[in-house]
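What the coordinates show
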Amino acid sequence: MAVEPVEPHNYDDDPAFALHRGGKLEVRSTVQVRDNDDLALAYTPGVARVCSAIAERPELSYDYTWTSKVVAVITDGTAVLGLGDIGPAAAMPVMEGKALLFKEFAGVDSVPICLDCTDTDELVETIIRLAPSFGGINLEDISAPRCFEIEDRLREALDIPVFHDDQHGTAIVALAALRNASRLIGRPLSKMRAVVAGAGASGVAVSRILLNAGIGDLALSDSKGLIHEGREGLNPIKRALARETNRAGLKGSTEDALHGADVFIGLSGATIPEDCLDVMAEDAVVFALSNPEPEIHPEIARRHARVVATGRSDFPNQINNVLAFPGVFRGALDVRAHTITEGMKLAAAGALADVVGDDLSEDYVIPSPFDERVAPAVTQAVADQARKDGVARL
C-alpha cells in the first residue's frame, strides 16, 4: 500500500518564524576599505603595528579593538525561558534576541554563544578561555543551582563584569518596582514582610537584593515548603539563605507564610489560591512573575492587592529584565569596570524606580521598556556607583 508523502510544514506561515528566518543579527564593519591604502591600514601591514603594541601593553586592546565594548551572551541551554533543558541549538533564538535587546536599548554590541557542554568545570574553563575577546560576560538560561557556582567562579577568575541576568536582572527590576510600591502605599521597605515563592536563580537573587535593600523580613519557599534553619536537605545556597531570612521562624507552606505578609513575589511556576491573598496585610503587593502563566491571574489578584505586577506585557507593571541589563552593562563598559558590585545593582534599581517619578500609581510602579529615559538613567547610576565602589578603570 502506497504511503502518501507528508507535506512539509510551512513554518513561515507563523509570523514568529518569519521574523526569525536567517537569524536576527549580523556583523558590520566600522571602517571602510575602499582602496589599497585602506586595506594596508585595516589589515596587513598596518595591523601588525597595533598587534605589536598590544603585545607590549595588553591594556591597549581596550582602545584599539572591540573588546572593551562587546559582551558575550552565553548559555548551555539548560534552563531556557519556561522551556527547560532544550539544549544549545534550540537556545540560540533566545540568545540572539538578548543580543538584539542589548543593541536596541543601550547600543551595546554582543555575541550570542551557545555552548555544547553542561559540566560545571567545563563551562567555567570554556568561558574563561573565551573571555579575552570580550569586555563582559552575560550568563543566560543556565540551570540552578549550577548557575550560582558558575557565576561565582567566573567572577573570581575574570577581570571583567560577569552578570547572570536570570538572577540579577530580575532582582534589580523587582526591587525597583517594590521601592515604588512601597512609596505608593506609604510603608517603608524596612517595615515590610515579603514572601518569595521559588528558590531558583531568580528567587535567590531577588531575596538577596531585598535583604541588601533593607527589607524588614523575608520568607523564601521552594517545592518542599518554607526554608528555615533546621530544615534538612538544604543545599549550600539555601542553607546560607536560611540563616539570613525568615526571622519570624515560619514553617510550612508558602500559603502559610502569607498570613499578614505585605508582599508576595512569585518566581516558582506554581499557583496560589485566591483565598491566600485575603489573609495578607492591607494594601498588599503581589508580583506574580512566572511566565507565561502567573501564580495567580492579575485580575483576580487586583481584587485583594493594592499593587499587582507580572512578567507579561499584556498587563500593567511588567517586570522585564530588559529594563536592567542593557543599562547595567552600558554603565559598566563605559567606565571599564572590572566587576559588577552589589552597590551597582542597588544603584540600577534606584535609578529605574526614579524614572517613574510623580507619575506613580497602582498601574505604574515600573516604567515601560520603551521609555527612552530608562537605559540612560541606569547607565549613569551604574557608572557613578562603579567609580564610588573603586571598580572603574576610567
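Below is a short write-up of the structure. (Residues numbered from 1 in each chain as written. Predicted model: local features only at pLDDT ≥ 70, side-chain atom pairs only at ≥ 80, totals over all residues. Heavy atoms only, no water.)

**As for the packing of helix α8 (residues 165-185) against helix α9 (residues 201-213)**
The interhelical angle for the contact between α8 and α9, taken along N-to-C directions, is 45°, at an axis separation of 8 Å. In terms of orientation, α8 lies oblique with respect to α9. α8 and α9 meet at a crossing whose hand is right-handed. On α9, the residues touching D166, Q167, H168, T170, A171, I172, A174, L175, L178 and R179 of α8 are A201, S202, A205, V206, I209, L210 and A213. (Axes fitted to C-alpha atoms, helices over the stretch in contact; angles between N-to-C directions. Helix = DSSP H or I, 4+ residues; strand = E, 2+ residues; numbered from the N terminus. Parallel < 35°, antiparallel > 145°, perpendicular 65-115°, else oblique. Left-handed = near helix turned anticlockwise from the far one by under 90°. Contact = heavy atoms within 4.5 Å.)

**Re unusual backbone geometry**
Glycine aside, residues mostly have negative phi angles, and peptide bonds mostly take the trans form. Following A144, the chain continues to P145 via a peptide bond in cis, the omega torsion being 5°. Along the chain, P145 falls in the loop between β3 (136-139) and α7 (146-157). Following N291, the chain continues to P292 via a peptide bond in cis, the omega torsion being 0°. Structurally, P292 is set in the loop between β9 (284-288) and α13 (298-301). Positive phi outside glycine occurs at N317, with the angle close to 60°. As for its placement among the helices and strands, N317 is situated in the loop between β10 (305-310) and α14 (325-334). On the basis of relative accessibility, which here comes to 4%, the residue N317 falls in the buried class. The backbone phi angle of R336 is positive, close to 50°, even though this residue is not glycine. (Buried < 20%, exposed > 50% of the residue type's maximum accessible area, 1.4 Å probe, protein only.)

**Notes on the packing of aromatic side chains**
Tallying each qualifying case throughout the model produces 5 aromatic pairs. Considering the side-chain rings of F105 and F370, the 5.8 Å spacing of their centres and the 50° angle between planes classify their relative orientation as tilted. Taken together, the positions of F105 in helix α5 (residues 88-106) and F370 in the loop between α15 (342-356) and α16 (374-388) put the pair 265 residues apart, joining distant regions of the chain. Judged by relative accessible area, F105 falls into the partly exposed class, the value being 23%. Among the aromatic residues, those joined into a cluster by ring pairs are F102, F163, F325 and F329. (Phe/Tyr/Trp six-rings, centres within 6.5 Å; stacked < 30°, edge-to-face > 60°.)

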